[in-house]
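Take a look at the letters that make up each chain.
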Amino acid sequence: MRLAFLTSLIPVARPDTGFEIANAAILDALRAAGHEVVAIGFTRPGEVPVDRDHAAVVAETDIENAVVSPGRRLRWIAAALGSGLPVSCAKLRMAGAGRLVEAVRANGPFDAIVLNSVMLPGAFPELLSLGPCVLIEHNIEHVSARQSAGHARNPVLRRLFRREARLLEAIERRLWQQVRFVWTLSEEDRVALGPALADRSAVLPLVSSRQAAPASAQEPVSEPSHDVGLIGTWTWTPNFIGLDWFLRAVCPLLPADITVAIAGRLPAGMATVPRGVTLLGRVPEAEAFLRSCRIVALSSRAGTGVQLKTVEALQLGLPAVATTLSCRGFATMPGNVTLADTPAEFAKALVARVTASRAGDRQRVDGAAFLARQQQALSQGLARGLAAARGDQR
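**Student:** Run through the overall build of the protein chain, naming residues and quoting values.
**Tutor:** The helix and strand tally for the protein chain stands at 13 helices and 13 strands. Whereas a compact globule of 394 residues would reach a radius of gyration of roughly 21 Å, the protein chain reaches 21 Å, a difference of no more than 12%. With respect to the principal axes defined by its C-alpha atoms, the protein chain has extents near 60 × 45 × 45 Å. Expressed as a percentage of its 394 residues, the buried residues of the protein chain come to 53%. Taking the contacts inside the protein chain whose residues are at least 6 apart along the sequence as the reference set, 67% of them involve residues at least 24 apart. Taken as a whole, the protein chain presents about 16,500 Å² of accessible surface, with 54% of it coming from carbon and sulfur. Of note, the protein chain has its 43 positive side-chain charges centred 6 Å away from the centre of its 35 negative side-chain charges.

The structure is reproduced here in structure tokens:
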């Protein structure tokens, strides 16, 4: 099939956020199945699509709150209030007005249009008229916005998140009925679509990338640089809720000799972190960072969809301590992952695993079987959705 993949961020050579890693994994799987896919959307200034021959860049623009000026954010809010759109859709409408829909038409015709999240069709509902559409729900967006509202301490920000949740819910529920098929990244999110979507939805189990090699329990390993490691895009509020919980509630319970490293983009004005914690910011290679830690901490307390850092830890066979929410989307967890949902349980599990690691027990497993299962299920889920886009009755 010839497909348009409409996305707010076209995959680049070095994906940064979990959203970008998921985009790359899905695009890779579609192309590996023999489909011709044209990625249409935006890139950050100065970035280049990893597959330039099959990409149409509508504009170079920053669309993430964490990296733009307060003035730009205020313009987005003004546009949202004036148009009745969620802010997350209004800023895409501003960036692509007069260009996005035209780019889809210019690069067509397409057998199907893959809508990569609800934000672009929310901003440009006319996209639904350009061909058979299928939707990827990376998260149930209105639920994430509602969780962010509950976490916001600023009353103005809380009202904005509540508005976002209300408008996104209307957009999502409308889209679920309009598209031919909906993909989610976890079974929990697929169930949340409701019984009417049971036959028009499937889960896309993800891999972190096609190139990443799964870890072997027997491979040579250097001395870890950190006892505990966390990595994520912490500028996204649902992710930051988990980091904030870890720093405030878990870290004070850890012994003074346990070191913690936090990698990934951080929000401006981070409060002083507890002793033993190092903020690294963005790291050159996420995989190398994870391998440099004795234990991976997966501390999600909000959000829907699936945690890409959990996928990476399982794919690499690394030992971890995780909240139950961090493991959404996975039916079973390997024995080197401990589930813990209270600060005391989480800290106790970290101490036990760090102690075992220091004594020589690496607690690593071979991630090859997990990777193979994920890749096979991803291919099967994509095939079901594209069959629906073609109108196949199966």
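**Student:** Give a description of the pattern of salt bridges that names residues and reports values.
**Tutor:** Between side chains of opposite charge, a pair can form when the charged atoms approach closely. All told, the structure shown has 17 salt bridges when counted by the stated rule. The residue Arg146 makes a salt bridge to Glu169 at a minimum N-O spacing of 3.0 Å. Taken together, the residues span a long stretch of sequence, with Arg146 in helix 6 (residues 141-151) and Glu169 in helix 7 (residues 155-178) at a distance of 23 residues. The class for Glu169 is partly exposed, based on a relative accessible area of 22%. Linking Arg248 and Asp244 is a salt bridge whose minimum nitrogen-to-oxygen distance equals 2.9 Å.

**Student:** I'd like a description of the packing of aromatic side chains, backed by residues and values.
**Tutor:** This structure, assessed with the given rule, holds three aromatic pairs. Here Phe181 and Trp183 contribute two aromatic rings whose centre-to-centre distance is 6.2 Å and whose plane-to-plane angle is 65°, an arrangement assigned as edge-to-face. The exposure classification of Phe181 matches that of Trp183, with both residues buried. An aromatic cluster of at least three residues, connected via ring pairs, comprises Trp245, Phe246 and Phe346. Geometry around Trp245 places Arg301 over its ring, the cationic atom sitting 4.3 Å from the centre.

**Student:** I'd love a proper account of the sheet that holds strand 11 (residues 293-298), names of residues and values included.
**Tutor:** Reading across the sheet, the six strands line up as 10-9-8-11-12-13 and stay open at both edges, with parallel pairing between neighbours. Two strands bound the open sheet, and with one partner strand each, they are strand 10 (277-281) and strand 13 (337-339). For this sheet, the mean inter-axis angle between neighbouring strands, taken without regard to orientation, is 25°. As defined by bridge partners, strand 9 (residues 260-263) adjoins strand 10 across four bridges and the pair is classed as parallel. In the sheet register, Val260 faces strand 10, and the bridge partner there is Val277. Helix 12 (residues 343-358) contacts strand 8 (226-231), strand 11, strand 12 (320-322) and strand 13 of the sheet and is inclined by roughly 160° relative to strand 11.

**Student:** Hey, could you go over the packing of helix 1 (residues 18-32) against helix 13 (residues 368-390) for me, with residue numbers and the actual values?
**Tutor:** Contact geometry for helix 1 and helix 13: axes closest at 10 Å, N-to-C directions at 75°. The pairing of helix 1 with helix 13 is recorded here as roughly perpendicular in orientation. Contact residues: Ala25, Ile26, Ala29 and Leu30 in helix 1; Leu378, Leu382 and Leu386 in helix 13.

Scoring rules and cut-offs
Residues numbered from 1 in each chain as written. Predicted model: local features only at pLDDT ≥ 70, side-chain atom pairs only at ≥ 80, totals over all residues. Heavy atoms only, no water. Helix = DSSP H or I, 4+ residues; strand = E, 2+ residues; numbered from the N terminus. Rg over C-alpha atoms; globule rule 2.2 N^0.38 Å. Buried < 20%, exposed > 50% of the residue type's maximum accessible area, 1.4 Å probe, protein only. Contact = heavy atoms within 4.5 Å. Areas by Shrake-Rupley, 256 points an atom, 1.4 Å probe, with all protein chains shown as cover. Lys, Arg positive; Asp, Glu negative; His and termini not counted. Charge placed at Lys NZ, Arg CZ, Asp CG, Glu CD. Salt bridge = Lys/Arg side-chain N within 4 Å of Asp/Glu carboxyl O. Phe/Tyr/Trp six-rings, centres within 6.5 Å; stacked < 30°, edge-to-face > 60°. Lys NZ or Arg CZ within 6 Å of the ring centre and 35° of its normal. Pairing = 2+ DSSP bridges. Axes fitted to C-alpha atoms, helices over the stretch in contact; angles between N-to-C directions. Parallel < 35°, antiparallel > 145°, perpendicular 65-115°, else oblique.

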